[in-house]
Structures are given as C-alpha cells and as structure tokens.
Amino acid sequence: HALRCMGVGGALVVRKVATRLLASDSVVVTTADTGFQTVSACSVEMPDIIILDCALPDMPSVDIISQIRALPGGKESRIYLCLAEIDVTKIMRAKRAGAYGYLLKPFNRESISEILPSTSVG
C-alpha cells in the first residue's frame, strides 16, 4: 500500500511544505493543525509516519504522542517531533513519550528523505 504520512502544524506554511515535499505516487499525505485533530484522525486511520510540530496551541506534543501510542496501531507509527532548533529537553521528553526522532525546521527534501523508507523517495 501507499505510505501514509501526516504533517501536523499550526502554521499553514508548515503543512504545505510538508505536503509538497512528501507527496508522491507512493506517499499519501494528510494534515492536521491541532493536537485534537491529529489524535482524532489517527483513531480513524493510523499514518505510517507523523511529523508533529512541537508547538501546537491546544495540546503539549508529549500528550499527543502518548495518545497516539495508546491507539490501535499507534505503536507502529513513526512519530517525528518537528523543532525550530535543537532542544535536548524537548527531544528527550518526546522520545520518552514514544517519538521515533526529530526534524529541524525549516525542513527540506533532504531531511524529509532521511525519514522516509528508501523505496518511497522518488
């Protein structure tokens, strides 16, 4: 099946860039702009990869990660915390909550391609 990716961010530009960099014949991209929307969408269909902005207005990212991990299929999803700069405390908290890794903003095709399985990058 196509790889399912979700880009989550309060800023429309983040979601647009993520969609532009990720979408391809083998990657289906969905987006959400709040933690609540993210958890809700994941409960319907769990993405393979989630790029989660660390600064959503409605919910701390660690809570979002924990809630996704608790959903059916949530343990298999690869969640990447998206940060403007390296923040070791935030990264460690996210990893303890179940994040797979992190991405720095602004991301580009190269940083995105590092998190996608090699078969899906065109």
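What comes next concerns the included structure. (Residues numbered from 1 in each chain as written. Predicted model: local features only at pLDDT ≥ 70, side-chain atom pairs only at ≥ 80, totals over all residues. Heavy atoms only, no water.)

### As for the overall build of the protein
(1) Moving on: The helix and strand inventory of the protein stands at five helices and five strands.
(2) Moving on: Ordered by position from the N terminus, the helices and strands of the protein form the series β-α-β-α-β-α-β-α-β-α.
(3) Moving on: Here the protein has a C-alpha radius of gyration of 13 Å; the compact-globule value for 122 residues is 14 Å, and the two agree.
(4) Moving on: With respect to the principal axes defined by its C-alpha atoms, the protein has extents near 35 × 30 × 25 Å.
(5) Moving on: Per-residue burial for the protein yields a buried fraction of 44% across its 122 residues.
(6) Moving on: Pairs at least 24 residues apart make up 63% of the contacts formed inside the protein by residues separated by at least 6 positions.
(7) Moving on: For the protein, the exposed surface amounts to about 6,500 Å²; the carbon and sulfur share of it is 55%.
(8) Moving on: Charge-centre separation for the protein: the mean point of 13 positive side chains lies 2 Å from the mean point of 12 negative side chains. (Helix = DSSP H or I, 4+ residues; strand = E, 2+ residues; numbered from the N terminus. Rg over C-alpha atoms; globule rule 2.2 N^0.38 Å. Buried < 20%, exposed > 50% of the residue type's maximum accessible area, 1.4 Å probe, protein only. Contact = heavy atoms within 4.5 Å. Areas by Shrake-Rupley, 256 points an atom, 1.4 Å probe, with all protein chains shown as cover. Lys, Arg positive; Asp, Glu negative; His and termini not counted. Charge placed at Lys NZ, Arg CZ, Asp CG, Glu CD.)

### So, the sheet that holds strand β2 (residues 27–32)
(1) Moving on: Overall, parallel pairing links the five strands, which are arranged β2-β1-β3-β4-β5 in an open sheet. Of all the strands in the sheet, just β2 and β5 (101–104) have a single pairing partner and so form its edges. Neighbour-to-neighbour, the strand axes of the sheet open up by a mean angle of 25°, direction not taken into account.
(2) Moving on: Here five bridges tie strand β3 (residues 49–53) to strand β4 (residues 78–83), and the two strands are oriented parallel to one another. From the neighbouring strand, Ile51 faces β4, where its bridge partner is Tyr80.
(3) Moving on: Where helix α4 (residues 88–97) meets the sheet, its contacts fall on β4 and β5, and the angle it forms with β4 comes to roughly 165°. (Pairing = 2+ DSSP bridges. Axes fitted to C-alpha atoms, helices over the stretch in contact; angles between N-to-C directions.)

### Overview of a nonpolar patch on the surface
(1) Moving on: A cluster of nonpolar side chains, namely Ile86, Val88, Met92, Tyr102 and Leu104, defines an oily patch on the protein surface of about 440 Å² accessible area.
(2) Moving on: When contributions to the nonpolar patch are tallied by element, the ones reaching two or more residues are α4 and β5.
(3) Moving on: Mapped onto the fold, Met92 is located in helix α4.
(4) Moving on: The exposure class assigned to Met92 is partly exposed, which follows from its relative accessible area of 41%. (Patch = residues over 30% accessible without salt bridge, like charges linked within 9 Å, V, L, I, M, F, W, Y side chains within 5 Å. Salt bridge = Lys/Arg side-chain N within 4 Å of Asp/Glu carboxyl O.)

### Section: the packing of helix α3 (residues 61–70) against α4
(1) Moving on: Axis separation between α3 and α4 bottoms out at 8 Å; the angle between their running directions is 15°. One way to sum up the angle between α3 and α4 is to call them roughly parallel. As for how α3 packs across α4, the hand of that crossing is right-handed. For the pair formed by α3 and α4, the contact residues are Val62, Ile65, Ser66 and Arg69 on the first element and Arg93, Ala94 and Ala97 on the second.
(2) Moving on: Classifying every residue of the contact of α3 with α4 gives four nonpolar, one polar and two charged. (Parallel < 35°, antiparallel > 145°, perpendicular 65-115°, else oblique. Left-handed = near helix turned anticlockwise from the far one by under 90°. Nonpolar A, V, L, I, M, F, W, Y, C, P; charged D, E, K, R; others polar.)

### Looking at the packing of aromatic side chains
(1) Moving on: With the rule as written, the count across this model stands at one aromatic pair.
(2) Moving on: Residues Tyr80 and Tyr100 carry aromatic rings whose centres are separated by 5.5 Å and whose planes lie at 65° to one another, so their mutual orientation is edge-to-face. One end of the pair, Tyr80, is in strand β4; the other, Tyr100, is in the loop between α4 and β5, and 20 residues separate them in sequence.
(3) Moving on: Given the relative accessible area of 5%, Tyr80 is considered buried. (Phe/Tyr/Trp six-rings, centres within 6.5 Å; stacked < 30°, edge-to-face > 60°.)

### So, empty space enclosed by the protein
(1) Moving on: Considering all chains together, one arrives at one cavity of 30 Å³ or more under this definition.
(2) Moving on: Approximately 40 Å³ is the volume found for the largest cavity.
(3) Moving on: The wall of the largest cavity is formed by Gly7, Val8, Gly9, Val14, Arg15, Ala18, Ile51, Cys82 and Phe107.
(4) Moving on: The greatest single-element share of the lining of the largest cavity, amounting to three residues, is contributed by helix α1 (residues 12–22).
(5) Moving on: Residues belonging to the lining of the largest cavity are distributed by class as follows: six nonpolar, two polar and one charged. (1 Å grid on protein atoms, 1.4 Å probe; cavity = no way out; pocket = protein on both sides within 12 Å on 5 of 7 lines; lining within 4 Å. Points joined across faces, edges and corners; volume = space filled by probe spheres on them.)

So far we have only geometry, and geometry alone does not tell us how the molecule works.
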